[in-house]
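Coordinate analysis (summary)
What follows is each chain in one-letter form.
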Amino acid sequence: MRSLTVLTLLACLGAGTPGFAADDLMVSAQAQFKPIPTTPPVLPGNPATPAKVELGKMLYFDPRVSASHAISCNSCHNVGLGGVDVEEKSIGHNWQRGGRNSPTVFNAVFNTAQFWDGRAKDLEEQAGGPMLNPIEMASPKEHVSEQLGAIPGYVAAFKSAFPGEARPVTLANAQKAIAVFEATLITPNAPFDRYLKGDASALNANQTAGLQLFIAKGCAACHNGINVGGGRYAPFGIVEKPGAELLPPADKGRFMVTKTAGDEYVFKVPTLRNIALTAPYFHSGRSWDLRQAVGVMAASQLGAPVNDEEATKIVAFLEALTGEQPKIVYPVLPPSVAATPRPEP
Amino acid sequence: MHLLRSFGLAASLLLAGAVHADDLLALARARFQPIPDTPPALPGNPATPAKVELGRMLYFDPRVSASRPGSCNSCHNVGLGGVDGKEAVIGHSWQQGGRNTPTIFNAVFNTARFWDGRAQDVEEQAGGSRFNPIELALPQAELSEQLATIPGYAAAFAAAFPGEPAPVTLANAQKAIAVFGATLITPDAPFDKYLRGDASALTATQKEGLQLFMSKGCAECHNGINLGGNMYAPFGILERPGADVLPRADKGRFMVTETVGDQYVFKVPTLRNIALTAPYFHSGRAWDLGQSVGVMAASQIGAPVNAEEVQKITSFLESLTGEQARIVYPILPPSVAAAQRPEP
């Protein structure tokens, strides 16, 4: 409620004063957004060590955590493609289609919950989901620890990552290691981050005008904070329900988690960080054009249609949210041995 | 013939008894060469930093496949010894490929690609998998269209192929992947150090394994820089293996040459990094390196090996694991609204 009041206030300011002094805009932006830090955040109860991060990186790229040995975390959250797979819906085990568009892993550590419906509270909990999901990696619950426990290089890597534990090769520890690796997948120093840190020249005139519109039109009421989103839930279609092509009626979103009537068609507000890299858009993945997606949001969420010029400016601002992509050395994975369980096609 | 004669000579020497350490090295050097430290130059396809970088991007980009999830790296995983650790690949629509994925590592030193040698070089091979309906399944015309609609690729092709008016072509993509593929070499295996004169690089067991590898006749086919990859041989010269290992429907090189003598003939695979690249054989049906050594001894050289010999040969094969390529994951140019969408 408080953020809505702030929004209204800012919207009035924005609408009433198209000139919006440059300093005021920066102050207003700094009040609603935070820059991505240059170092990974600490995860409560899961301290990062070099050994744990390295193990997490190996697991992230290792297709042997899937039943078929064909799918890794990176298959759908591709670190070379903005942390997504550029698919409407991901292809999982046995060529089954996932139910929703793959959200980016980049900066996901800053979201308040994971998945489009927030069913995992953090990265550690999220990491377990796809490995066991029958339409994603399809691993039986015991598969991960049995598989990895039969690869000598992993036994050693888990021991270094979890020193002092008698039996460190567990699914829970795999999730912890993946979470600390994923916490390193942050994209600092986007033009907008530099702007938030006081460099007014980091945004060009179009982007600055787009930022102003983004605040004035009300986008920032939901898309705010460090991730310009990822901090709350909202119904898709607050003002006007989009068509079934964008909002398939069968997917009731957070309702499927909470079973609360008010949560029908409620989804986590996605981050807009690196949004120019992560088409297609929406939980349905049905929009391939960022400009079109901006138009849909304005109509369905704000009831304030944007004209062409405004859309261009907002898109220019969104492009300023592309940060430095993580530089990752592909891990050398420990080899399977004769006794290692084999893939199940 | 020359090879066979020198092999016979060496084998007699070896069979005569324990070979002197210097003689073993000399014999080994006559048959094998170390992996070089730097990538070889490809004829007619000079490597430039821009071309290698473009090749690396294409190698990891799932947008070269019709349905997106498959990139070159899906089956030739640079973190898994250049293979996928599966009997047969899973390709488009979850179809199983016909044969086990050969490693990309050091493939540049093979004289032919694929198990049946149907491509001449990595450049030609890179085209094959992409359009194979059970691998990446891309209709031919679409690759260049797909890439041309991604602005970052237009720039990358222009930098890699300067002076060409329309550089975004399938042929150029293959060239770029080939020069990147040529960087995927694994030097400095213990055996390479041994070949360069460091006698302590192999353990006593590995040296005995090397001696057996030559005296038993393995090195007759598995020789050269890649310990294989430079000739064809029928699977089952002396004794045809069972259908579990040699499925009868896959007639190998016969399907390329249609020559009767080529039935069940396959390219002799490299043994470089073999300890990392289970399962084995074109059928991918053997998961145990020791078992594979036994199958080879019985079917190819008619000289069964005992358990101790298998252990020594396997130990030698483990000394063929080189330094794995250290590759920075490429940042791929983003698709834009006009780019073509994946097919389901």
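Procedures and definitions
- Residues numbered from 1 in each chain as written.
- Chains lettered and ligands numbered in written order.
- Predicted model: local features only at pLDDT ≥ 70, side-chain atom pairs only at ≥ 80, totals over all residues.
- Heavy atoms only, no water.
- pLDDT = per-residue confidence, 0-100.
- Contact = heavy atoms within 4.5 Å.
- Salt bridge = Lys/Arg side-chain N within 4 Å of Asp/Glu carboxyl O.
- Helix = DSSP H or I, 4+ residues; strand = E, 2+ residues; numbered from the N terminus.
- Buried area = accessible area lost by both parts, 1.4 Å probe.
- Polar contact = N/O pair within 3.5 Å; in protein donor to acceptor, adjacent residues only side chain to side chain.
- Nonpolar A, V, L, I, M, F, W, Y, C, P; charged D, E, K, R; others polar.
- Expected span 1.5 Å × (residues − 1).
- Buried < 20%, exposed > 50% of the residue type's maximum accessible area, 1.4 Å probe, protein only.
- Core = buried A, V, L, I, M, F, W, Y, C linked by side-chain atoms within 4.5 Å.
- Phe/Tyr/Trp six-rings, centres within 6.5 Å; stacked < 30°, edge-to-face > 60°.
- Disulfide = S-S within 2.5 Å.
- Axes fitted to C-alpha atoms, helices over the stretch in contact; angles between N-to-C directions.
- Parallel < 35°, antiparallel > 145°, perpendicular 65-115°, else oblique.
- Left-handed = near helix turned anticlockwise from the far one by under 90°.

Residue and element names in this part refer to chain B. Overall, the prediction assigns chain B a mean pLDDT of 87, with 88% of residues at 70 or greater. Contacts for the low-pLDDT stretch residues 1-13, under 50 throughout, to residues beyond four places or in other chains number 12 contacts. The complex prediction reports pTM at 0.89, with the ipTM value standing at 0.86.

Another point: the pattern of salt bridges. For the coordinates displayed, the defined rule picks out 26 salt bridges over all chains. Between Glu53(B) and Arg56(B) there is a salt bridge; the shortest N-O distance is 2.5 Å. Of the two residues, Glu53(B) and Arg56(B) are both situated in helix α3 (residues 49-60); the distance of three residues between them amounts to about one turn of the helix. Residues joined by salt bridges that share partners form a network here, namely Arg100(A), Asp117(A), Arg119(A) and Asp251(A).

Of the residues lining the interface, 38 residues belong to chain A; the matching set on chain B comes to 40 residues. A combined buried area of about 3,200 Å² lies between chain A and chain B, and 68% of that area is made up of carbon and sulfur atoms. Together, Trp95(A), Trp288(A) and Tyr330(A) form the three largest contributors to the area buried by chain A at its contact with chain B, with a combined 23%. Across the chain A-chain B interface, the total number found is zero salt bridges. Remark: the boundary between chain A and chain B carries nine residue pairs in polar contact (both at pLDDT 80 or more). Of the residues in the side of chain A that touches chain B, the class split is 23 nonpolar, nine polar and six charged.

The next point concerns helix α10 (residues 205-216) of chain A. All names here are of chain A. Helix length check: α10 (12 residues) gives 16 Å between terminal C-alpha atoms against 16 Å at 1.5 Å per residue, within 8%. Taken as a whole, α10 has its buried residues at Gln207, Gly210, Leu211, Gln212, Leu213, Phe214, Ile215 and Ala216. At the N-terminal boundary of α10, the capping side chain belongs to Asn204, with an oxygen 3.1 Å from the backbone nitrogen of Asn206. Note on α10: the residue one or two positions beyond its end, Gly218, has a positive phi of about 110°.

By size, the foremost hydrophobic cluster in this structure holds 111 residues, and its most contacted members are Phe33(A), Leu59(A), Phe192(A), Leu211(A), Phe214(A), Leu318(A) and Leu58(B). Apart from residues lying up to four places away in sequence, Leu318(A) is in contact with Phe214(A), Leu272(A), Ile275(A), Leu290(A) and Val294(A). Judged by nonpolar contacts, the second largest core, of 41 residues, contains Leu195(B), Ala201(B), Leu271(B) and Val295(B).

Here we come to the packing of aromatic side chains. Summed over the entire model, instances satisfying the criterion amount to 25 aromatic pairs over all chains. Aromatic side chains Phe214(A) and Phe317(A) sit 5.1 Å apart centroid to centroid with 50° between the ring planes, which places their arrangement in the tilted category. Highlighted residues: Phe214(A) in helix α10 and Phe317(A) in helix α13 (residues 308-319), separated in sequence by 103 residues. Ring geometry for Phe60(B) versus Tyr329(B): centroids 4.8 Å apart, planes at 50°, classification tilted.

Residue and element names in this part refer to chain A. Summarising the element assignment, Thr187 is placed in the loop between α8 (171-182) and α9 (191-196). Taking relative accessible area as the criterion, Thr187 reaches 0% and is therefore assigned buried. Looking at Thr187, its side chain comes within polar contact range of the side chain of Asn274, at 3.0 Å. Filtering out sequence-adjacent residues up to four positions away, Thr187 remains in contact with Ile36, Phe106, Asn107, Asp193, Asn274, Gly323, Glu324, Gln325 and Pro326.

Residues and elements named next belong to chain B. Counted by the stated rule, this structure contains zero disulfides over all chains. Of all cysteine sulfurs, the one in Cys75 lies closest to Cys72, which takes part in no disulfide; the gap is 9.1 Å. In this structure Cys72 comes out as buried when scored by relative accessible area, which is 14%. With no disulfide of its own, Cys218 lies 9.3 Å from the sulfur of Cys221, the closest cysteine sulfur. Residue Cys218 is classed as buried on the basis of its relative accessible area, which comes to 18%.

Residues and elements named next belong to chain A. Where helix α12 (residues 290-302) contacts α13, the two axes come as close as 9 Å, and the packing angle between them is 115°. With respect to α13, the element α12 is oriented roughly perpendicular. The hand of the α12/α13 crossing is right-handed. Seen from α12, the contacting residues are Leu290, Arg291 and Val294; seen from α13, they are Asp308, Ala311, Thr312, Ile314, Val315 and Leu318.

Along the polypeptide, Pro35(A) turns up in the loop between α2 (22-32) and α3 (50-61). For Pro35(A) and Trp288(A), which are 253 residues apart along the polypeptide, the C-alpha to C-alpha distance reads 27 Å.

Residues and elements named next belong to chain A. In this structure, Pro168 sits in the loop between α7 (152-161) and α8. Overall, Pro168 belongs to the buried group, its relative accessible area being 5%. The spacing of Pro168 and Gly149 is 19 residues in sequence and 9.2 Å in space, taken between C-alpha atoms. Excluding its chain neighbours within four sequence positions, the residues that come into contact with Pro168 are Phe158, Lys159, Phe162 and Asn173.

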